[in-house]
Amino acid sequence: MLYLLLLLLFGQAFGQTTQPSVDKIERLSKMLVISGQGLRAERVRVFINGVEQTSRITLLTDRQIVLSGSDKRLGLRTEDNEVEVLVNGRRYTYYLIKTSAVQNVRVEVGQTVTLELDIADDDDYKLTFSCDRGDFVKLEKNLLRISPKRQDLGLTTCKLKVTDSGGLSTEMTFFIEVVPCGQPILFNPVGDLLVSVGEARLIDLRTENPCGTDQISLRLVVAPNYVTLTDKGNGMGTLRVAPIVGDTSGRVIVDARDTVGLFGQLSFGIQIKVGASINSVIYLKPNLLIEGMGFGNTVRVSVNNQDISARIAAQTDRSITLRGNKKKLNLKRGPNLIKVILATGEALEYVYDLN
């Protein structure tokens, strides 16, 4: 009894067959591909919009039925196409909303796109592939890897051929359109600058082109007259910022552009820091008035090398008032050396001629 039961169980296991099913139907170039399982059978018939097209089957496997022909020959309309598949008398109906004459792939320069070919996993199939130009498309098993460069810009026509072990084959044609990369050229970051009058500062510029290695040129679009650019080539350059007395703050804009017109832009501001100076000195009894700029909040003052800082009555960034008579302020008739020593240690000098 046990032997008979085991035999029955094994018989059921080995006797099982995959139930037919249709998962999807798609139009690829001049092929109508019906995908599913259990499709290889003794009686397979295909109807499109009520007209039998079984004679146009060029590839039949357990997982796919491929019909070849133009839309007209297959009886396909622009929209609302009804596809019926009969497997051993069982009917499957599928609707194609819209057909397409070709498969187009659009890829940017510098990007990689991988397409999985939904044809077959069976080792009995042979795939051959070729394009009319370039070598940027590679076939790896059932994967197409597309990695275009600058020289591949434009339209490339490719053909894929599927051949089974019985010699049946079908071909598919599609186009690869390679377009310029859409990413901008990148600059190394440069923040707003604070530059003193009389200072000469050099700013190194570097760029990166995510879309390739084409030659990049730099151009100064907007800048104050004290800013100059040296383009060193290869997307590198140097900005020289050297304001003088009378120059004002401004904004700098630098463009980077490659040979196919892709560009990037760098923008930053420059704030001029005016250097400290004494502009005038006058004695109006009982005050010695010193006017200028950049004094800050803390200073020391000497007259003829005598520190009279204790006489400071008022001070701002632009003026200092010292109170006292000529003797207490160490003033004398004729030239007087006035010094203002800033908190930084910088000494400003001015010769005041007292009548």
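Residues numbered from 1 in each chain as written. Predicted model: local features only at pLDDT ≥ 70, side-chain atom pairs only at ≥ 80, totals over all residues. Heavy atoms only, no water.

Caption draft 1: Structural view of the overall build of the protein chain. Helix and strand counts for the protein chain stand at two helices and 31 strands. Taken across its 355 residues, the protein chain has 38% of its residues classed as buried. Counting contacts in the protein chain only where the partners sit at least 6 residues apart, residues at least 24 apart contribute 57% of the total. With the model as given, the accessible surface of the protein chain reaches about 20,600 Å², and the carbon-plus-sulfur share is 50%. (Helix = DSSP H or I, 4+ residues; strand = E, 2+ residues; numbered from the N terminus. Buried < 20%, exposed > 50% of the residue type's maximum accessible area, 1.4 Å probe, protein only. Contact = heavy atoms within 4.5 Å. Areas by Shrake-Rupley, 256 points an atom, 1.4 Å probe, with all protein chains shown as cover.)

Caption draft 2: Region of interest: the sheet that holds strand β10 (residues 113-116). With antiparallel pairing, the three strands of this open sheet are ordered in space as β10-β13-β12. The two strands at the open ends of the sheet, each matched to only one other strand, are β10 and β12 (137-140). Neighbouring strand axes in the sheet, compared pairwise and without regard to direction, differ in orientation by 20 degrees on average. Looking at chain direction, β12 and strand β13 (residues 143-146) are connected through four bridges and run antiparallel. Paired with Lys 138 across the strands is Arg 145, a residue of β13. (Pairing = 2+ DSSP bridges. Axes fitted to C-alpha atoms, helices over the stretch in contact; angles between N-to-C directions.)

Caption draft 3: Quick peek at the sheet that holds strand β21 (residues 236-241). Strand order in the open sheet formed by four strands is β16-β18-β21-β20, and the pairing between neighbours is antiparallel. Of all strands in the sheet, those bounded by a partner on one side alone are β16 (186-187) and β20 (227-233).

Caption draft 4: Seen up close, the pattern of salt bridges. Under the criterion given, the structure shown has nine salt bridges. We note a salt bridge from Glu 177 to Arg 106, for which the minimum N-O separation is 3.2 Å. Taken together, the positions of Glu 177 in strand β15 (residues 169-179) and Arg 106 in strand β9 (residues 103-108) put the pair 71 residues apart, joining distant regions of the chain. Judged by its relative accessible area of 34%, Glu 177 is partly exposed. Relative accessible area serves as the criterion here: at 59%, Arg 106 is assigned to the exposed category. Linking Glu 140 and Arg 145 is a salt bridge whose minimum nitrogen-to-oxygen distance equals 2.7 Å. Owing to a relative accessible area of 37%, Glu 140 belongs among the partly exposed residues under this scheme. (Salt bridge = Lys/Arg side-chain N within 4 Å of Asp/Glu carboxyl O.)

Caption draft 5: Broad picture of the confidence of the model for the protein chain. Per-residue pLDDT for the protein chain has a mean of 82; in total, 86% of the residues score no lower than 70. A low-confidence stretch, residues 1-17 stays under pLDDT 50, and its non-local contacts, those more than four residues away or across chains, total zero contacts. Low pLDDT, under 50, characterises residues 98-102; the stretch is placed with 14 contacts to residues that sit more than four places away or in other chains. (pLDDT = per-residue confidence, 0-100.)

Caption draft 6: Molecular detail of the environment of Val 252. On the secondary structure map, Val 252 appears in strand β22 (residues 250-258). In this structure Val 252 comes out as buried when scored by relative accessible area, which is 0%. Taking C-alpha positions, Val 252 is 7.5 Å from Ile 270, a pair spaced 18 residues apart along the chain. Ignoring any residue separated from it by four or fewer positions in sequence, one finds Val 252 in contact with Leu 220, Val 222, Ala 223, Pro 224, Val 227, Leu 239, Leu 266, Ser 267, Phe 268 and Ile 270.

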